[in-house]
Amino acid sequence: MKQTMLIAMAMFFVCFFAAAQKQGGFNGLNMNMGNLSTLSDAKTRSISPENFTGAKGKGGMADPVAQKGERNVANASNAARDLGKGWKVNPFITINAGETFTIAEMEGPGAIQHIWMTPTGNWNFTVIRFYWDDETEPSVESPVGAFFGMAWGEYAALSSLAMTVNPGSAFNSYWQMPFRKKCRITIENIDDKPMNLYYQVDYTLTDVGEDEGYFHAQYRRTKYNSTSLHTILDGVNGKGQYVGTYMGIGVNNNGWWGEGEIKFFMDGDKDYATIVGTGTEDYFCGSYDFDRPKKHGPGAETIEYAEFNTPYAGLHQVIRGDGHYHVQQRFGMYRWHIPDPIRFDNDLKVTIQDLGWRSGGRYLPQNSDIITVAYWYQREPHARFPKLPSKDELEVN
């Protein structure tokens, strides 16, 4: 009898936990190879110029005949004139000079899981912004090139877990971006000519847990670093975690340029930071100047920068100059804190020093051109961002 009761109780608890798991279910977030086979009641949706709302069964409805010539409704109507509805009638949008276009707007709860886009024109004159729920100030604000690790306006292959940039100008983000009420994404064209944009925003409609933070990203530029100290991020208030840094540096002197240390001031730190790195290339998970020897034959050897891409860090861009009008050396690096986020409870400030070498084995305070984008999650509301630099200050020349 006792054994029968124990078996009955065990079966009860198994059924109870199974029912509870089924009722709660897997919400389809935090996807990885380990849970890829786990089924979910989350609903997959996607927004593109062929379906601006992401609504079920409402994609590819543009009519190349009836809607011919309607901007951003049937932009490829001429190419599709022989095929009719359901074909490739509006695969891109055109954003005029000075225009801000809402490329995606969706109601939650849910989360963005992937973004792909191929902006034309000047990547520094195209500004992307994200707004979560009912906020009027953006949680993400950056020129689109810098946001995807291309601050210098030139393509370089970037292959990582959080971002990829693929030939010829395919920008991809895999940052998970949860929202509870709504999400709005805009693109502003501050250039003096129109630009075309192919894009897709892939998201899921699902429950969002109370412990999920909101994604943020902020652009900064120190065009002439007179203090030899670049602020990557400050003024952050609330609880959150810092998850990544993109940095582009344009060097204005000869020699190795990356001796500067990164510092994370958190939760009341003043003069001295809690987390201090040992050098720029160290923070970006390289070593010894990103150098490697290259043999050219017997006894002939040169030392060169070694570009690299890894899941969490890389020196993905080295612009060496051509000795004519395109002369300045510029670099692009990323560091994603995916397995090791920098957690803070109340506030955060992030800086990096701008140091090279001078005679006598002394550090050289440099005056580099530094562009960064900081990526972090936090609870809302967030502090208002500094005003984005002017068009002239965003221009790379």
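Up top is the structure.
Residues numbered from 1 in each chain as written. Predicted model: local features only at pLDDT ≥ 70, side-chain atom pairs only at ≥ 80, totals over all residues. Heavy atoms only, no water.

Student: Requested: an account of a nonpolar patch on the surface, with residues and values cited.
Tutor: Together, Met 31, Met 33 and Leu 36 make up a nonpolar patch on the protein surface, roughly 370 Å² of accessible area in all. By secondary structure assignment, the location of Leu 36 is in the loop between helix 1 (2–24) and strand 1 (43–47). For Leu 36, a relative accessible area of 56% gives the class exposed. (Patch = residues over 30% accessible without salt bridge, like charges linked within 9 Å, V, L, I, M, F, W, Y side chains within 5 Å. Areas by Shrake-Rupley, 256 points an atom, 1.4 Å probe, with all protein chains shown as cover. Salt bridge = Lys/Arg side-chain N within 4 Å of Asp/Glu carboxyl O. Helix = DSSP H or I, 4+ residues; strand = E, 2+ residues; numbered from the N terminus. Buried < 20%, exposed > 50% of the residue type's maximum accessible area, 1.4 Å probe, protein only.)

Student: Account for the pattern of salt bridges, with residues named and values stated.
Tutor: As enumerated under the stated definition, the model contains 14 salt bridges in all. Across the pair Asp 369 and Arg 221 runs a salt bridge, and its minimum N-O distance is 2.6 Å. Of the two residues, Asp 369 is situated in strand 27 (residues 369–378) and Arg 221 in strand 13 (residues 214–222); the sequence distance between them amounts to 148 residues. Classification of Arg 221 as buried rests on a relative accessible area of 15%.

Student: Describe the side chain of Thr 351, and please don't skip the residues or the numbers.
Tutor: Tracing the backbone through its elements, the reader meets Thr 351 in strand 24 (residues 347–353). Since its relative accessible area comes to 4%, Thr 351 is described here as buried. Dropping the residues within four chain positions of it, Thr 351 is found in contact with Leu 229, His 230, Thr 231, Ile 232, Glu 261, Ile 262, Lys 263 and Phe 265. (Contact = heavy atoms within 4.5 Å.)

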